[in-house]
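The primary structure of each chain is shown beneath.
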Amino acid sequence: MKEFLIRNALTVLTMDDLGRELTKTDIRLKGGVIAEIGQNLHSTGEVIDASHCVVTPGLVNTHHHLYQTLTRAVPGGQDALLFGWLQTLYPIWSRFGPEEMFISAQIGLAELALSGCTLSSDHLYLYPNGSRLEDTIHAATELGIRFHPTRGAMSIGESAGGLPPDSLVEDEGSILEDCIRVIDSFHDSSDGAMVRVGVAPCSPFSVSRELMRDAALLARDKGVMMHTHLAENEEDIAYSEAQFGCRPGQYAEDLGWTGSDVWHAHCVRLDGQEIDLFAKSKTGVAHCPCSNCRLGSGIAPVRAMRDAGVPVGLGVDGSASNDSSNLMLEARQTMLLQRVSQGADAMSAREALRIATRGGAEVLGRFDCGQVAVGKRADLALWNVSGIESAGSWDPAALVLAGPTRAQHLFVEGRQVVRDGHVVTIDLEKAIVKQNRLAQGLSQ
Ligand SMILES: Nc1nc2[nH]c(O)nc2c(=O)[nH]1
């Protein structure tokens, strides 16, 4: 594997335990890890001039529905709350197949990479027309991004009191069987793993209590992580109270869905007791601020969660409800929303960036990622702060305030995925043409 020397970085935001910020620093990448950090380092590898760059660990995306990049800005779903929005989109998604899953994943992941993301999870919860989880895994592998796909599922259709149409739900036995198949085929638990699989029933209003419980038992038996949507908006809370007679936190706890091997998306409406439950049990949260705004779901209590000790990471969420996959913008939105609700000192730019990097890595159980430290995986984003966005900044390292939202260079496992602002591992232009052709076909 090729060696790289990142030379003379303006600032390195390490995100280590001490939160150190290093200036005029070299970083040597070898064998997939950060081999050396210091000054005047020697290397036989390629030298990358970083004198105009702030270096951060790669950003980590803890929630996405990659297939939704094919349904951005769908007119009927532009101005709806969660349930109505989903009901508009389900019939369109039911026409997807393997090709749609592959290309939409590649587009979404490439957009993430351009925004500095080196590790993304994905929540794929519908499998129409022969689609399979590996359609997305192949897309990530070609691109070279670290990937945590989750085998999502829906099993309760409209006729049984759920939200999705009956045609999009699967039989629960087949869901569990396919979970076992994809874990056995693709999950890698070792340090430096490029693919880790999770188990992810979609949401309380689209799967049964039995599937939630059995999925948790299966995930723990296999030693993989668990993911779902929880407490996303008031409709979600009302459904939980009406159908299960309790709030979402209680529902999750009763069915085994708390613990450091679980992370829930959104959690906009968690109350104080639920925050305490998550903090005590180390249950993680994927905070998706732009999607929460777009769907009018509300402002998640991130300040209270962090103060209580809940592990929090960021998610761009699916592109039908964001509609962008730019994780740096998500970090900025996180900071802004906490300030709107809690005051101007509620969250600093540096804290937002820490949540976007180390925070996300911890939520996904990746203690080998998320820091610029010797021995950690060589997942780095380089941000050129000599451009217009930072011109005049007194603190170029405060990237979330005055910095680029696109990375200049991106390394994953020591391999370059973005160079001079362009993806170098796939033919992105060709992929965009294909994506637009497929979107046009779906819109007919
Ligand atoms: N933001 C989203 N929330 C969801 N809940 C659910 O069941 N599906 C979704 C989704 O696709 N996005």
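Numbering of residues starts from 1 in each chain and follows the order in which that chain's sequence is written. For this predicted model, a pLDDT threshold of at least 70 governs which residues receive local features, and a threshold of 80 or more governs which side-chain atom pairs are given and counted, while totals over whole chains, interfaces and linings are taken from all residues. Hydrogen atoms and water are omitted, and side-chain values are computed over all heavy atoms in the structure.

The protein is annotated in an unreviewed UniProt entry as 8-oxoguanine deaminase of Pelagimonas varians. UniProt positions are given in the numbering used here, feature names are shortened, and annotations may be inferred rather than shown by experiment. Heading Sequence similarities (unreviewed entry) of the UniProt record for the protein holds this comment: "Belongs to the metallo-dependent hydrolases superfamily. ATZ/TRZ family."

## A few points about the overall build of the protein
What counts as a helix is a DSSP run of H or I of at least four residues, what counts as a strand is a run of E of at least two, and both are numbered from the N terminus. Of regular secondary structure, the protein possesses 14 helices and 17 strands. What the globule rule says is 2.2 Å times the number of residues to the power 0.38, and the radius of gyration is computed from C-alpha atoms. Its C-alpha radius of gyration of 21 Å places the protein within 12% of the 22 Å reference for a compact globule of 444 residues. With the principal axes as the frame, the protein shows a C-alpha extent of 65 × 45 × 45 Å. Only protein chains enter the accessibility calculation, which uses a 1.4 Å probe; a residue is then buried when its area is under 20% of its type maximum, exposed when over 50%, and partly exposed in between. Buried residues in the protein amount to 60% of all 444 residues. For the protein, the share of sequence-separated contacts (at least 6 apart) that also reach a separation of at least 24 residues comes to 75%. Here the protein contributes 38 positively and 55 negatively charged side chains, and the mean placements of these two sets differ by 6 Å. In what follows, residue pairs with any heavy atoms lying within 4.5 Å of each other are defined as contacts. The sign given to each residue is positive for Lys and Arg and negative for Asp and Glu; His and the chain ends receive no count. A single reference atom marks each charge: NZ on Lys, CZ on Arg, CG on Asp, CD on Glu.

## Regarding the site of the ligand
Close contacts around the ligand come from 15 residues, with Gln68, Tyr125, Ser203, Glu232 and Asp317 the closest. In the model, an oxygen atom of the ligand is placed 2.9 Å from a nitrogen or oxygen of the Gln68 side chain. The contact in question runs from an oxygen atom of the ligand to an N or O atom on the side chain of Tyr125, over 2.6 Å. Look at the ligand: alone it shows 290 Å² of surface, and the protein chains cover 100% of it. Examining the composition of the shell around the ligand, we find that three residues originate from one element, helix α1 (residues 82-93), more than from any other. For this description, a residue counts as near a given molecule or strand if any of its non-hydrogen atoms is within 4 Å of it. Contacts described as polar in this section are N or O atom pairs within 3.5 Å, which, within protein, must combine one atom able to donate a hydrogen with one able to accept it, while residues neighboring in sequence count only if both atoms come from side chains. Method for areas: the Shrake-Rupley scheme with a 1.4 Å probe, in which residue coverage is limited to the protein chains shown.

## Some details on the UniProt feature "domain: Amidohydrolase-related" (unreviewed entry) in the protein
Mapped onto the present numbering, the UniProt feature "domain: Amidohydrolase-related" (unreviewed entry) falls on residues 54-395. The distance separating the terminal C-alpha atoms of residues 54-395 is 11 Å; by composition the span is 41% helix and 14% strand.

## Re the pattern of salt bridges
Should a side-chain nitrogen of Lys or Arg be within 4 Å of a carboxyl oxygen of Asp or Glu, the pair is scored as a salt bridge. This structure, assessed with the given rule, holds 31 salt bridges. Salt-bridge contacts for Arg358 lead to Asp17; the nearest nitrogen and oxygen are separated by 2.7 Å. One end of the pair, Arg358, is in helix α12 (residues 349-363); the other, Asp17, is in the loop between β1 (4-13) and β2 (21-30), with 341 residues separating them in the sequence. We classify Arg358 as buried; its relative accessible area is 12%.

## Here's the deal with the packing of helix α4 (residues 172-186) against helix α5 (residues 209-222)
Interaxial angle, 0 to 180 degrees, is taken between N-to-C directions of lines fitted to C-alpha atoms, where a helix line uses only the stretch in contact. At a minimum axis separation of 11 Å, α4 and α5 run at an interaxial angle of 20°. On the basis of the axis angle, α4 is roughly parallel to α5. Pair α4 / α5 crosses with right-handed handedness. Each of Glu172, Ile175, Leu176, Cys179, Ile180, Ile183 and Asp184 in α4 lies in contact with α5, whose residues at this interface are Glu210, Leu211, Asp214, Ala215, Leu218 and Lys222. Following the grouping adopted for this structure description, the nonpolar residues are Ala, Val, Leu, Ile, Met, Phe, Trp, Tyr, Cys and Pro, the charged ones are Asp, Glu, Lys and Arg, and the polar ones are all others, Gly among them. Taken together, the residues that form the contact of α4 with α5 break down as eight nonpolar, no polar and five charged. Convention used here: angles under 35 degrees read as roughly parallel, angles over 145 as roughly antiparallel, angles from 65 to 115 as roughly perpendicular, and any remaining angle as oblique. Two helices crossing with the near one rotated counterclockwise from the far one by less than a right angle form a left-handed crossing, whereas a clockwise rotation gives a right-handed crossing.

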